[in-house]
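# Close look at the chain arrangement
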Amino acid sequence: MKHLISLLDYSAEEIEQILAIAAALKSKLKSGKRPALLKRRILVQIFEKPSLRTRISFEAAMMQLGGSSVFLAAKDAGLNGRESLADVARVLSGYADVVAMRTFSQQLIGDFAGYARCPVINALSDELHPCQALADIFTMREVFGKTDGKRIVYVGDGNNVAASLAIISGHLGIGITVCTPKGYELKPAFVKDLKQRFPKLKLSTSHDPKKAVADADVIYTDVWASMGQEGEADERKQVFSPFQVNRHLMELAPAGCKFMHCLPAKRGGEVTDEVIDGPNSIAFPQAENRMHLAKGLLTWLLRGPQILERLQD
Ligand code: CP
Ligand code: NVA
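Residues numbered from 1 in each chain as written. Chains lettered and ligands numbered in written order. Predicted model: local features only at pLDDT ≥ 70, side-chain atom pairs only at ≥ 80, totals over all residues. Heavy atoms only, no water.

This next bit is on the site of ligand 1. Taken together, Ser 51, Leu 52, Arg 53, Thr 54, Arg 102, His 129, Gln 132, Cys 262, Leu 263 and Arg 290 are the residues near ligand 1. The separation between an oxygen atom of ligand 1 and a polar side-chain atom of Arg 53 is 2.8 Å. Taking Arg 102, its side chain carries an N or O atom lying 2.8 Å from an oxygen atom of ligand 1. Burial of ligand 1 by the protein chains amounts to 96% of its free accessible area of 260 Å². Here the shell around ligand 1 is composed, by residue class, of three nonpolar, four polar and three charged. (Near = heavy atom within 4 Å. Polar contact = N/O pair within 3.5 Å; in protein donor to acceptor, adjacent residues only side chain to side chain. Areas by Shrake-Rupley, 256 points an atom, 1.4 Å probe, with all protein chains shown as cover. Nonpolar A, V, L, I, M, F, W, Y, C, P; charged D, E, K, R; others polar.)

Structure (structure tokens):
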């Protein structure tokens, strides 16, 4: 049994298997087929934070695969001390085949998984957003045909989304530049671990978006204040305004450079309408792909990689 707490716990081969199952299921769906690979299986989702894409893409994924999904707000799950985390995990994993959790604390997901008898998925924590990174790479491959030799230039906050992109880039040999204001970089300890784990990691850091985008195949951004940082939003707006992805910044990138965003976006903040709605934006196919990747991940976790053979007819 495997969890998805961090993509650091995965091999490149395992990531490729998930991407391949997602691609096969997406292609089946486009020809009207929804194979019931998870018939009567149950996903329980426990979220401490709001969600549109993650929650609904996982629900839709389970339903398309013949299973079902139950949603619990954290207060209903009792994660606030109604009972111990260990007891919640032991009880829920007697009902569920798989659990997805969105929390503030990364540690909480790992601890929950330690007590659970079913796979546990990190559906976003303050530190990581692995499901997003899987869908992002899948989207890049659809658009460019490959990710080998490509460079993502992430412009904005060195947050959970940036960290997961850096990890998956390390696995798959993708170049990544993380361009942030001073004081908002990826955590030094995280970068140190990442470099140890991936000695060939093509990670650059920058504080100058205009220079950083010069070799971008993708310019990627995310909100300047993540969920839980709402109180810092005004201060961050001042600091991050030179990092806005607008037409002028896109024009400094090579022709054909695409724009990506995990969404939700603060239009007029980290990105302008003109860019996110423009011809180079792939933010909405990227959002759709969250569901295809959720299907790939759930199927891989519950049926194993061998399911791919069944999907190749
Ligand atoms: N990208 C993403 O995770 O969106 P939600 O917060 O709406 O789930
Ligand atoms: N960094 C953002 C991502 C939302 C999908 C947040 O954590 O709020």
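And the narrative resumes.
Quick look at the site of ligand 2 now. The local shell around ligand 2 consists of Leu 124, Asn 159, Asn 160, Val 161, Asp 222, Val 223, Ser 226, Met 227 and Leu 263. The side chain of Asn 159 places a nitrogen or oxygen atom 3.3 Å from a nitrogen atom of ligand 2. In this structure, Ser 226 approaches ligand 2 through a side-chain N or O atom, which is 2.7 Å from a nitrogen atom. Here ligand 2 has 270 Å² of accessible area as a free molecule, and 96% of this is covered by the chains. A per-class count over the shell around ligand 2 returns five nonpolar, three polar and one charged.

Here we have four strands laid out as an open sheet, ordered β2-β1-β3-β4, and parallel in their pairing. What marks the edges here is a single partner per strand, and that holds for β2 (68–73) and β4 (120–122). Mean inter-strand twist for the sheet, computed between neighbouring axes without regard to direction, equals 20°. (Pairing = 2+ DSSP bridges. Helix = DSSP H or I, 4+ residues; strand = E, 2+ residues; numbered from the N terminus. Axes fitted to C-alpha atoms, helices over the stretch in contact; angles between N-to-C directions.)

Before going further, it helps to examine the pairing of strand β5 (residues 151–155). Burial runs high along β5: five of the five residues are buried. Burial of the side chains of β5 extends over both faces: Arg 151, Val 153 and Val 155 are buried on one face and Ile 152 and Tyr 154 on the other. Pairing of β5 with strand β6 (residues 175–179) involves five bridges; the strand directions are parallel. Pairing of Val 153 across the sheet is with Thr 177, part of β6. Crossover connection from β5 via helix α7 (residues 160–172) to parallel β6: handedness right-handed. (Buried < 20%, exposed > 50% of the residue type's maximum accessible area, 1.4 Å probe, protein only. Right-handed = clockwise from strand over helix to strand, strands pointing away.)

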